[in-house]
Amino acid sequence: MEQPSAYLERLRPAGGKRSSKRDLIVNVFLRQEGHLSADDLVEIIKKEDQKISRATVYRTLQWMVDAEIARKVDFGEGRFRFEHAYRHPRHFHLICKTCNRSFEFLSSDIEVLIDEVAAARQFATSQSVLQIYGTCDECKTGREPTDSAATTELLFARDALRIAIATERSGMAFYARAASMTRDARGRRVFKRLADEEREHLTRLEARYKELLAEDSQLEARPTFLFFKGAANGLFAAGAEKLAKGVDAKQALMIGIKCERGSHKFFKRYGERFEDSEGKQIFLEFADEEREHLELLIREYRALAKRPGSKRTAARRPSRRSRRASA
Ligand SMILES: [Zn+2]
Ligand SMILES: [Zn+2]
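Below, the structure is looked at part by part. Only a predicted model underlies this, so the values are computations on that prediction, with no experimental measurement involved.

1. Quick notes on the packing of helix H10 (residues 249–273) against helix H11 (residues 278–306)
Consideration 1: Running from N to C, H10 and H11 point in directions that differ by 155 degrees, and their axes come no closer than 8 Å. It follows from the interaxial angle that H10 and H11 lie roughly antiparallel. In the crossing of H10 with H11, the sense of the turn from one axis to the other is left-handed.
Consideration 2: Of the residues in the contact of H10 with H11, the class split is 16 nonpolar, 5 polar and 8 charged.

This is the structure we're talking about:
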């Protein structure tokens, strides 16, 4: 994972000279989660170094906004707040009018809609802000607020992994089913191989998920950050349903191709939209794996289409398989 210092080096604007005061302010700011007012930051900085003036903090905040290290957010309180942009994807906010806390979430469905509206109106979007005002669950119920130690990046990675795992699981079920019902031996082997691969990927993703949970004991229970109306696992579930109707190897391959293509597109499209973060990486890596599966299925589909009399092959292959199995 990139270190904040490397990130700062990369973002330093041309001609931006080193200033130890500025570096201190930036480093302190990057350690904060949530949405700070300039005065909040002044207070925190004063604890670190009494000699840094309010004006210096204000100036540095503006510099960070210009360098895209910080984002300015306006929650309608008559003053701006600032959040860091380091491995912190753009997001929307739920804002509680009772306790003034804000909660972040991301919905690619909403982003896609905004793009659609803007495109229909030939509007060049530079920034879109979505803020939902109301009363948070804790204020409503009087429940103890959960500590907000989790970083958005961690929540984002957790949700990206959950989506990838769910997709992997339904993909595995799809291929296992396709393998069990395909009579063509070669088709069956392909499906078995893919089911095995999905199982292996699943094991890897689950290990990564466990590692993530080790970073924060309450991570599982924290509210959802990343929302999708229809994630890619729905594709495989629909594919499995189609298999149940009884299909031959060619049709099964075609259904698999459709599922993998949809899944690849989903993870690539959204992965590319996210800003640099572990969640983005998870999406893009997953998109690559799905593309490999897609290519394999297409190759098999073509080979099968070319094969003359696939019935004969189907009859011969199982005996070879059973010989190998008994060897
Ligand atoms: Zn509240
Ligand atoms: Zn925020």
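2. Side note on helix H9 (residues 233–244)
Structurally, the α-helix is built with 3.6 residues per turn, so residues lying three or four positions apart point the same way.
Consideration 1: Across its 12 residues, H9 extends 17 Å between first and last C-alpha, which sits within 8% of the 16 Å expected from 1.5 Å per residue.
Consideration 2: Taken together, the buried residues of H9 touch helix H7 (152–181) and H10.
Consideration 3: Glycine 246 occupies a position one or two residues after H9 and carries a positive phi of about 90 degrees.

3. Topic: the environment of leucine 235
Consideration 1: Position of leucine 235 among the secondary structure elements: in helix H9.
Consideration 2: C-alpha separation for the pair leucine 235 and arginine 261, spaced 26 residues apart in sequence, amounts to 9.6 Å.
Consideration 3: Other than its neighbours up to four places away in sequence, leucine 235 contacts Cys259, Gly262 and Ser263.

Conventions used here
- Residues numbered from 1 in each chain as written.
- Chains lettered and ligands numbered in written order.
- Predicted model: local features only at pLDDT ≥ 70, side-chain atom pairs only at ≥ 80, totals over all residues.
- Axes fitted to C-alpha atoms, helices over the stretch in contact; angles between N-to-C directions.
- Helix = DSSP H or I, 4+ residues; strand = E, 2+ residues; numbered from the N terminus.
- Parallel < 35°, antiparallel > 145°, perpendicular 65-115°, else oblique.
- Left-handed = near helix turned anticlockwise from the far one by under 90°.
- Nonpolar A, V, L, I, M, F, W, Y, C, P; charged D, E, K, R; others polar.
- Expected span 1.5 Å × (residues − 1).
- Contact = placed C-beta atoms within 7 Å.

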